[in-house]
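Listed here are the chains, written in short residue letters.
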Amino acid sequence: DAGVTQSPTHLIKTRGQHVTLRCSPISGHKSVSWYQQVLGQGPQFIFQYYEKEERGRGNFPDRFSARQFPNYSSELNVNALLLGDSALYLCASSLGGDTQYFGPGTRLTVL
Amino acid sequence: AQSVTQPDIHITVSEGASLELRCNYSYGATPYLFWYVQSPGQGLQLLLKYFSGDTLVQGIKGFEAEFKRSQSSFNLRKPSVHWSDAAEYFCAVGVVSEKLTFGTGTRLTIIP
C-alpha cells in the first residue's frame, strides 16, 4: 500500500508570493494533519482536518489556510510568504483517533 | 499547554553500545506519547507509541520506551545500537493523536 504522498518535493518562492502544497493520505485514512518543521527544530502543528472539517488549528497566522477534499486529500495554502516560512512542511494521515503516519514532506524555500 | 523537553541536543554512541534518549513532558493528565525517527531530508517514521496499559512499550528496530508517570518521562532505549540508527529522534505528546507537540529532537551519531 502507498504511504502518504506529498507534492511538490521542493519549492522555491519569493517573498510576498503564494504557495499551495498538496497531500494524499493513506487509502482509507480520513484525517489529515499539517506540520511545519523549521531547520533544527521539531515539527509544529498547523492544522488537522477530519471528514473535510477543520478539527484543530495551531498557533499560525491567518496567512495559513487548508482544506480537505471529498477524496480526503488536502491542500495547505500560505499567502504573502515571508522568509520565516522557509521550512519542511509535513503532512500526516490517520484513520481518526489513531496513530499518524507522515509523508516525506515538501521543502519550501522563500527568497 | 502541553510541552515536551528533550534535554540532549546531540548524543554520540559507539556501535554496539546501549542507548537512552530522554524525554520529559508537561501535561495535566496522561497524554498520548510517541517516539518518531527522522533521517536527513526525510519524513518521520513512528518507532513506538503509548496510549495506556503496560508502561513498557516495544517498538520497531529493537527500540523500547518506558512511561513513568511520577517523573513525567517517556525515555527511549535500545540495548545495542547499529550504524543505521544514526538519525534525529523526536518525542511527541498529544491529547489526541493527530495534534502532536514535538520536542526539539536529539541527533544521534554512531561511531565505529
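Draft legend 1. Representation of the interface of chain B and chain A within the structure. Taken residue by residue, the interface counts 18 residues in chain B and 23 residues in chain A. Carbon and sulfur atoms supply 51% of the area that chain B and chain A bury against each other, a total of about 1500 Å² over both sides. Of all residues in chain B, the largest losses of buried area upon contact with chain A belong to Leu44, Glu98 and Lys99 of chain B, amounting jointly to 38% of the total for that side. Here chain B and chain A share 0 salt bridges between them. Connecting chain B to chain A are 5 residue pairs in polar contact (both at pLDDT 80 or more). Sorting the residues of the side of chain B that touches chain A by element identifies β5 (32–38) and β6 (44–50) of chain B as the ones contributing at least two each. A per-class count over the side of chain B that touches chain A returns 8 nonpolar, 7 polar and 3 charged.

Draft legend 2. Fine view of the nonpolar core. Residues and elements named next belong to chain B. Counting residues in each nonpolar core, the largest one holds 26 residues, and the members touching the most others are Leu19, Trp35, Leu47, Leu48, Phe74, Leu76 and Tyr89. Mapped by element, the contributors of at least two residues to this core are β2 (10–14), β3 (19–21), β5, β6, β8 (64–68), β9 (73–78), β10 (87–94) and β12 (106–111). Contacts of Leu19, omitting those with residues within four sequence positions, involve Ile11, Val13, Phe63, Leu76, Arg77, Lys78, Val81 and Leu108.

Draft legend 3. Main features of the pattern of salt bridges. All names here are of chain B. The tally for this structure, following the rule as stated, stands at 9 salt bridges over all chains. A salt bridge links Asp8 to Arg22, with the shortest nitrogen-to-oxygen separation between them at 2.9 Å. Of the two residues, Asp8 is situated in the loop between β1 (3–5) and β2 and Arg22 in the loop between β3 and β4 (24–26); the sequence distance between them amounts to 14 residues. On the accessibility criterion, Asp8 (18% relative accessible area) is buried. You can call Arg22 partly exposed: its relative accessible area is 39%.

Draft legend 4. Representation of the environment of Leu33 of chain B. Residue and element names in this part refer to chain B. Take Leu33: it is sitting in strand β5. In this structure the C-alpha to C-alpha distance between Leu33 and Thr101, which are 68 residues apart in sequence, comes to 9.8 Å. Residues within four places of Leu33 in sequence aside, it is in contact with Tyr25, Leu48, Lys49, Tyr50, Phe67, Phe74, Ala92 and Val93.

Draft legend 5. Quick peek at the side chain of Gln48 of chain A. Summarising the element assignment, Gln48 of chain A is placed in strand β5 (residues 44–50). A residue is classified by how much of its surface remains accessible, and Gln48 of chain A, at 5% relative accessible area, is buried. Among the polar contacts made by the side chain of Gln48 of chain A, one reaches the side chain of Ser31 of chain A at a distance of 2.9 Å. Once you skip the residues sitting within four places of it in the chain, Gln48 of chain A turns out to touch Ser31, Val32, Ser33, Glu53, Glu54, Arg55 and Gly56 of chain A together with Glu98 and Lys99 of chain B.

Draft legend 6. Summary view of the state of the cysteines. By the definition in use, this model includes 2 disulfides over all chains. Two residues share a disulfide in this structure: Cys23 of chain A and Cys91 of chain A, whose sulfurs sit 1.8 Å from each other. Judged by the sign of its S-S torsion, about -65°, the bond between Cys23 of chain A and Cys91 of chain A is left-handed. Linking Cys23 of chain A in strand β3 (residues 19–24) with Cys91 of chain A in strand β9 (residues 87–94), this pair joins segments that are 68 residues apart in sequence. Paired by a disulfide, Cys23 of chain B and Cys91 of chain B hold their sulfur atoms 2.0 Å apart. Disulfide Cys23 of chain B-Cys91 of chain B: the torsion about the S-S bond is -65°, which places it as left-handed. Here Cys91 of chain B lies in strand β10 and Cys23 of chain B lies in the loop between β3 and β4, a separation of 68 residues in the sequence. Classification of Cys23 of chain B as buried rests on a relative accessible area of 0%. Residue classification places Cys91 of chain B among the buried positions, given a relative accessible area of 0%.

Thresholds applied
Residues numbered from 1 in each chain as written. Chains lettered and ligands numbered in written order. Predicted model: local features only at pLDDT ≥ 70, side-chain atom pairs only at ≥ 80, totals over all residues. Heavy atoms only, no water. Contact = heavy atoms within 4.5 Å. Buried area = accessible area lost by both parts, 1.4 Å probe. Salt bridge = Lys/Arg side-chain N within 4 Å of Asp/Glu carboxyl O. Polar contact = N/O pair within 3.5 Å; in protein donor to acceptor, adjacent residues only side chain to side chain. Helix = DSSP H or I, 4+ residues; strand = E, 2+ residues; numbered from the N terminus. Nonpolar A, V, L, I, M, F, W, Y, C, P; charged D, E, K, R; others polar. Core = buried A, V, L, I, M, F, W, Y, C linked by side-chain atoms within 4.5 Å. Buried < 20%, exposed > 50% of the residue type's maximum accessible area, 1.4 Å probe, protein only. Disulfide = S-S within 2.5 Å.

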